[in-house]
Amino acid sequence: MNAQSNDIATYNFAYLDEQTKRMIRRAILKGIAIPGYQVPFASREMPMPYGWGTGGVQVTASIIGPDDVLKVIDQGADDTTNAVSIRAFFKKVAKVAVTTETAKASIIQTRHRIPEHPLNAGQVLVFQVPIPEPLRFLEPRETETRKMHALEEYGLMHVKLYEDIAKHGRIATTYAYPVKVEGRYVTDPSPTPKFDNPKMHRSPALQLFGAGREKRIYAVPPFTDVVSLDFEDHPFEVQTFDQPCALCGAENVYLDEVILDDHGGHMFVCSDTDHCEKRRADGHHGHLAPETHLASEETEPAE
Amino acid sequence: MDIATQSIDGGFAEPVFNAQTVFRAIMDAMARPGTVQNLPQLARPPAPLSATAGAVALSLCDNDTPVWLDPPLQAEASVKAWLGFHTGAPLANTPADAHFALIANPKEMAALDGFAQGTQEYPDRSTTLILLVDDLASGPSLLLEGPGIERTSMIAPPGMPRHFVEQCKQNNQRFPRGVDIILAAPGSLSCLPRTTRIKLMEA
């Protein structure tokens, strides 16, 4: 065999072998048919460490075709290490088109955010999930959590949320906030900020979740009820921010705090970089936006 | 044509890409019950297995998935040989052992609860039924509701099993256990996962 060529022609399309893809595809179909149920699957070793999105990459590799357009985000950003390397990986092993624009992508693989731009019906959102079992920190034994899901016994989760209220006066969970899918399974939305939970509810896009180390795949079909757990007197609330994005001035979006210097200087900017860039290109301005706009690395620390 | 040729001919021309095309059609159909996904003819299995059902089997079945065949398919040695050659899937002895069931004559098929339903702990260990239908529009209209459907959806496959609506209702009630159905029509397919609530539409 000629191993000289630069592209990885010796790998199968999208890296995984066909038998693995079939196994993952079957798990995806079961996941869609049983919304919120974690389907066990024979997760493979991937050319990246656990915790870097091996589950999401396996799901994406199993569904992607040559006509797909892939977007990868890491905490909302298209330009961080994890996003850049996964995008490069699929560019190389599947030769698919890639984009940073939410609206142009057919598959969006995400680590811990749902894009601000509303998703449409043809899109598939693939989540990278570290701990798929929402009950795991309450009950470490898989045999027991499996029984709890089987019997729909979720009292423990409500006790946990109640203890939050007793200790802090409010539900202190801010990410991986448990949801109930279609009135049946309590499910981990992956460590997205709870800000994104309402976007999962009756989303027109198909949402697939892959956990590589924990060997689980689950799914939320389009137009499926996803309800964040809460109490009547302590209803679910999303985070609010008391200032708009410092670069694009967007309100009602999820913001990241960026430290500017070691004297306490900081700013809040959109975590969704594509959304922020689009808004700035459209002429929106935040109070820290540079005069010559676009180019994102010009935040030199002030001396 | 002798049986050896029949069993070897008619697989995917492009196994990797064709399997992906078929899977995406099934995935979209499963995620949006009642929508009709068009599919070009990618496989040419021996009759009475249809091109669509054959393509679904090629894209999902392998040596990990026992397949059950209904009597008309069971009777055809060339069908068994074709599936065996292209997928390597073992044949299930009873419907309850099957991961997939291929059903050429849905009208006479065994009851839905005769197939593997999965367990309360592992509801994914259930049979996926692949029903061969003539089309998806000429039968009695079925009104669909449930996950994947914005308001309601409609599909009208002819020649469905006896008491199909009632059987599906019972299938819903077994949730999370239950069977999922792929309707394979010539040139298109549609899915009815266990979550879809089906009503007969009054004419």
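This is a predicted model, so every value here is computed, not measured.

Reading the values: rules and limits
Residues numbered from 1 in each chain as written. Chains lettered and ligands numbered in written order. Predicted model: local features only at pLDDT ≥ 70, side-chain atom pairs only at ≥ 80, totals over all residues. Heavy atoms only, no water. Helix = DSSP H or I, 4+ residues; strand = E, 2+ residues; numbered from the N terminus. Rg over C-alpha atoms; globule rule 2.2 N^0.38 Å. Buried < 20%, exposed > 50% of the residue type's maximum accessible area, 1.4 Å probe, protein only. Contact = heavy atoms within 4.5 Å. Areas by Shrake-Rupley, 256 points an atom, 1.4 Å probe, with all protein chains shown as cover. Lys, Arg positive; Asp, Glu negative; His and termini not counted. Charge placed at Lys NZ, Arg CZ, Asp CG, Glu CD. Core = buried A, V, L, I, M, F, W, Y, C linked by side-chain atoms within 4.5 Å. pLDDT = per-residue confidence, 0-100. Salt bridge = Lys/Arg side-chain N within 4 Å of Asp/Glu carboxyl O. Polar contact = N/O pair within 3.5 Å; in protein donor to acceptor, adjacent residues only side chain to side chain. Buried area = accessible area lost by both parts, 1.4 Å probe. Nonpolar A, V, L, I, M, F, W, Y, C, P; charged D, E, K, R; others polar. Pairing = 2+ DSSP bridges. Phe/Tyr/Trp six-rings, centres within 6.5 Å; stacked < 30°, edge-to-face > 60°.

A. Looking closely at the overall build of chain A. A tally of helices and strands in chain A yields seven helices and twelve strands. Computed over the C-alpha atoms, the radius of gyration of chain A is 20 Å, within 12% of the 19 Å expected from 2.2 N^0.38 for a compact globule of 303 residues. Every one of the 303 residues in chain A was classed for burial, and the buried ones make up 53%. Contacts in chain A between residues at least 24 apart in sequence constitute 61% of all its contacts with a sequence separation of at least 6. Summed over all atoms, the accessible surface of chain A reaches about 13700 Å², with 52% contributed by carbon and sulfur. Between the averaged position of the 32 positive side-chain charges in chain A and that of its 43 negative side-chain charges there is a distance of 10 Å.

B. Structural context of the nonpolar core. One finds Ile28 and Leu208 of chain A together with Met27 and Leu102 of chain B to be the most contacted residues of the largest nonpolar core, which totals 85 residues. Not counting residues within four places of it along the chain, the set of residues in contact with Leu102 of chain B comprises Leu49, Ala53, Ala57, Val67, Trp68, Leu69, Asp70, Leu73, Leu83 and Ile130 of chain B. Among the nonpolar cores identified, the runner-up in size contains 25 residues, and Ala92, Leu142, Ile149 and Met160 of chain B belong to it.

C. Expanded view of the confidence of the model for chain B. Here chain B shows a mean pLDDT of 94. Residues at 70 or above account for 99%. Reported confidences for the modelled complex are a pTM of 0.93 and an ipTM of 0.96.

D. Up close: the side chain of Arg174 of chain B. Residues and elements named next belong to chain B. With respect to the secondary-structure elements, Arg174 resides in the loop between helix H6 (164-173) and strand S7 (180-185). No salt bridge is formed by the buried Arg174; its nearest oppositely charged neighbour, Asp113, is found at 4.4 Å. Side chain to side chain, Arg174 and Gln117 meet in a polar contact 2.8 Å long. If sequence neighbours within four positions are ignored, Arg174 has contacts with Leu112, Asp113 and Gln117.

E. Structural view of the interface of chain A and chain B. Each partner contributes to the interface: chain A provides 43 residues, whereas chain B provides 41 residues. Each partner contributes to the roughly 3300 Å² buried at the junction of chain A and chain B, and carbon and sulfur atoms together form 61% of this total. When the buried area of chain A at its contact with chain B is split by residue, Arg26, Leu29 and Lys30 of chain A rank highest and sum to 19% of it. Along the contact surface separating chain A from chain B lie five salt bridges. A salt bridge links Asp62 of chain B to Arg22 of chain A, with the shortest nitrogen-to-oxygen separation between them at 2.9 Å. Where chain A packs against chain B, one counts 20 residue pairs in polar contact (both at pLDDT 80 or more). When residues of the side of chain A that touches chain B are traced back to their parent elements, those giving at least two are helix H1 (18-33), strand S1 (39-40), helix H2 (54-63), helix H4 (142-150) and strand S8 (206-211) of chain A. When residues in the side of chain A that touches chain B are grouped by element, the largest group, eleven residues, is from H1 of chain A. Partitioned by chemical class, the residues of the side of chain A that touches chain B number 25 nonpolar, six polar and twelve charged.

F. Structural context of the pattern of salt bridges. Throughout the structure, instances matching the rule amount to 27 salt bridges over all chains. The partner of Asp64 of chain B in a salt bridge is Arg26 of chain A, with the nearest N and O atoms 3.9 Å apart. Here Arg26 of chain A lies in helix H1 and Asp64 of chain B lies in the loop between helix H3 (51-60) and strand S2 (67-69), a pairing that spans two chains. With its nearest N and O atoms 3.1 Å apart, the salt bridge here joins Asp78 of chain A to Lys71 of chain A. On the basis of relative accessible area, Asp78 of chain A is assigned to the buried category, the value being 5%. Connected via shared salt-bridge partners are Arg22 and Arg26 of chain A together with Asp62 and Asp64 of chain B.

G. Inspection of the pairing of strand S5 (residues 124-128) of chain A at higher detail. All names here are of chain A. For S5, the buried fraction is high: five of the five residues fall into the buried class. Burial along S5 is two-sided: the residues Val124, Val126 and Gln128 and Leu125 and Phe127 are all buried. Pairing geometry for S5 and S8, over five bridges, is parallel. When the bridges of S8 are listed, Gln128 appears paired with Gly210.

H. Highlighting the packing of aromatic side chains. The full count for this structure, using the stated rule, is eleven aromatic pairs over all chains. Ring geometry for Phe209 of chain A versus Tyr218 of chain A: centroids 4.6 Å apart, planes at 5°, classification stacked. Here Phe209 of chain A and Tyr218 of chain A have matching classes, each one buried. On the basis of an interplanar angle of 75° and a centroid distance of 5.6 Å, the ring pair of Trp68 of chain B and Phe115 of chain B is categorised as edge-to-face. Remark: Phe115 of chain B occurs in the loop between strand S3 (100-103) and strand S4 (128-132) and Trp68 of chain B occurs in strand S2; sequence separation between them is 47 residues. Relative accessible area serves as the criterion here: at 2%, Phe115 of chain B is assigned to the buried category.

I. Here's a closer look at unusual backbone geometry. The peptide bond linking Ala47 of chain B to Pro48 of chain B adopts the cis configuration, its omega dihedral lying at 5°. Along the chain, Phe175 of chain B connects to Pro176 of chain B via a cis peptide bond; the corresponding omega equals 5°. Here Pro176 of chain B lies in the loop between H6 and S7. Unusually for a residue other than glycine, Lys95 of chain A sits at a positive phi of about 50°. Note on placement: Lys95 of chain A falls in the loop between helix H3 (81-93) and strand S3 (97-98). According to the relative accessible area criterion, Lys95 of chain A is exposed, its value standing at 56%. Backbone geometry at His163 of chain B places phi at a positive 55°, although glycine is not the residue there. Looking at where His163 of chain B falls in the secondary structure, it is placed in the loop between strand S6 (153-155) and H6.

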